[in-house]
Amino acid sequence: MIITGYPFCGEPDLPRVLALIQRMPLACRHALDFPWRLSSPAIQEGRDAAFWEDENGRVVGFAAWQIYWAALDFYILPGPTAKQVEAKLFSWAEARFRELDNERGRPLPYWVECRDDDYERLQLVKAQGFMLEDDDSYVLFQHALDKLAPIPMLAEGFTLRPLLGEQEVAAYAELHRLAFESASMNSAWRARSLRTPQYRAELDLVISGPDGSPVAFCVGWFNPERQVAQIEPIGVHHDFRRRGFARTLLLEILHRVKSLGAVSAFIEPFADNVPIHATCEAVDFRRIHTIRRLGKWLTQPV
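First, a word on scope: everything that follows refers to the structure included in this document. In every chain, residue numbers begin from 1 and rise along the written sequence. Local features are withheld for residues below a pLDDT of 70 in this predicted model, meaning they are given only at 70 or higher, and side-chain atom pairs are given and counted only at 80 or more; totals for whole chains, interfaces and linings count all residues. Each side-chain value is worked out from all heavy atoms of the structure, with water and hydrogens disregarded.

### What to know about the pattern of salt bridges
This is how the line gets drawn: For salt bridges, the criterion is a side-chain nitrogen of Lys or Arg within 4 Å of an Asp or Glu carboxyl oxygen. Helix and strand definitions follow DSSP, with helices as H or I runs of at least four residues and strands as E runs of at least two, each counted in order from the N terminus.
Tallied over the full model, the rule gives 23 salt bridges. Of the charged contacts, one joins arginine 29 and glutamate 113 as a salt bridge, the two residues approaching to 2.8 Å between their closest N and O atoms. Placement of the pair is arginine 29 in the loop between helix 1 (14–21) and helix 2 (34–38) and glutamate 113 in strand 5 (residues 109–115), with a sequence separation of 84 residues. Measuring nitrogen to oxygen at the nearest pair gives 2.4 Å for the salt bridge that ties arginine 292 to glutamate 133. On the criterion of sequence distance, the pair formed by arginine 292 in strand 13 (residues 286–297) and glutamate 133 in strand 6 (residues 132–133) is long-range, its members being 159 residues apart.

Shown next as structure tokens:
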């Protein structure tokens, strides 16, 4: 069977690539929140992502170097084309990694992520030479949604509400940068995420302060066929922490996805993010998996 590769060029290719990713098992990374990652600015340029089609025009593979997370996201449709796609996908990735090393003038290791129970993926990436162990990792917390605590009341002057669409993306982007102490988020990225097929405005929540501007945020992604939801991202402005805003947002999202038909929800914070771990456990999330990061050098450092 003939397999052909193409650069991924953002929104025009998005529905077909998402159709592939939604067919992947949940153990595969980012099967629910991938619209968020595909909306990032670097991916729109057509150099850091590619997809592969079979001779019938069906997308059977996708890969993206996610510079903001320093990870290679990849998806290979199981079946007769898998080995051929695997070879083409990792060949493309290695070529892109070498380009990146040359462009920056120094080599860096490149990383993939694997859930601890995804043995097939672990075996595959190790066979491709990803053997370095990274200190950074993630923890998967899951909530069964069978029993939910009531949503706490907010202090006077604060309001929990949906994001006000594109008119509020600039304010959101500024808050996101402050909450995560990162310059990566911008208005264009946030606006693109609102146009993805899986986006639900009722799961895009903020807490606004007395002046109406957002001070905390939480986004949910829900797949009705799988009856599962994911929370990504959640953050609070550093001046408004220790007020229970993250707990309130988590419980509000959990109640909302349950009403939509979800039977479970999960969140994947960094392993060293102790405050969000405590908040998750306070609302009855259970820690069930670790996500490992495995890396390799394409060019050995001098």
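So much for the structure itself; the text now carries on.
### Some points on the nonpolar core
This is how it is decided: Among buried residues, those of type Ala, Val, Leu, Ile, Met, Phe, Trp, Tyr and Cys that are joined through side-chain atoms within 4.5 Å constitute a nonpolar core. The cut-offs for exposure are 20% and 50% of the maximum accessible area for each residue type, with area from a 1.4 Å probe on protein chains only; residues under the lower value are buried, those over the upper are exposed, and the others partly exposed. Pairs of residues are marked as contacts when any of their non-hydrogen atoms sit within 4.5 Å.
In this structure, Phe8, Leu38, Phe62, Leu72, Phe74, Tyr75 and Phe97 are the most contacted members of the largest nonpolar core, which totals 43 residues. Of all the secondary-structure elements, those providing two or more residues to this core are helix 1, helix 2, strand 2 (49–53), strand 3 (59–66), strand 4 (71–76), helix 3 (82–104), strand 5 and helix 4 (119–127). Other than its neighbours up to four places away in sequence, leucine 38 contacts Phe8, Leu14, Val17, Leu18, Ile43, Gln44 and Phe62. Leu203, Phe245, Ala262 and Ile267 belong to the second-largest nonpolar core, a separate cluster that totals 31 residues.

### Details of the sheet that holds strand 4
What counts, and what does not: Whether two strands pair depends on DSSP finding at least two bridges between them. To define axes, lines are fitted to C-alpha atoms, for helices over the stretch in contact only, and angles between the resulting N-to-C directions are given on a 0 to 180 degree scale.
Spatially, 1-2-3-4 is the arrangement adopted by the 4 strands of the open sheet, whose pairing is antiparallel. A strand with exactly one partner marks an edge of an open sheet, and here the two such strands are strand 1 (4–7) and strand 4. Ignoring which end each strand starts from, the neighbouring axes of this sheet average 15° apart. Where helix 3 meets the sheet, its contacts fall on strand 2, strand 3 and strand 4, and the angle it forms with strand 4 comes to roughly 160°.

### Things to note about the environment of proline 107
Position of proline 107 among the secondary structure elements: in the loop between helix 3 and strand 5. Between the alpha carbons of proline 107 and glutamate 232 there is a distance of 30 Å; along the sequence they are 125 residues apart. Setting aside residues no more than four positions away along its own chain, proline 107 makes contact with Asp101, Trp297, Thr299, Gln300 and Pro301.

### With respect to the packing of aromatic side chains
This is how the line gets drawn: Side-chain rings of Phe, Tyr and Trp, where Trp is taken by its six-membered ring, are said to pair if the distance between their centres is within 6.5 Å; with planes under 30 degrees apart they count as stacked, over 60 as edge-to-face, and otherwise as tilted.
One pass over the structure, following the stated rule, counts 20 aromatic pairs. Seen in terms of ring centroids, tyrosine 68 and tryptophan 189 are 5.0 Å apart; in terms of plane orientation they differ by 40°. Their pairing is tilted. Placement of tyrosine 68 in the loop between strand 3 and strand 4 and of tryptophan 189 in helix 6 (residues 187–194) is noted, with a sequence separation of 121 residues between them. Taking relative accessible area as the criterion, tyrosine 68 reaches 32% and is therefore assigned partly exposed. An angle of 5° between the planes, with centres 4.0 Å apart, marks the rings of phenylalanine 97 and tyrosine 110 as stacked.

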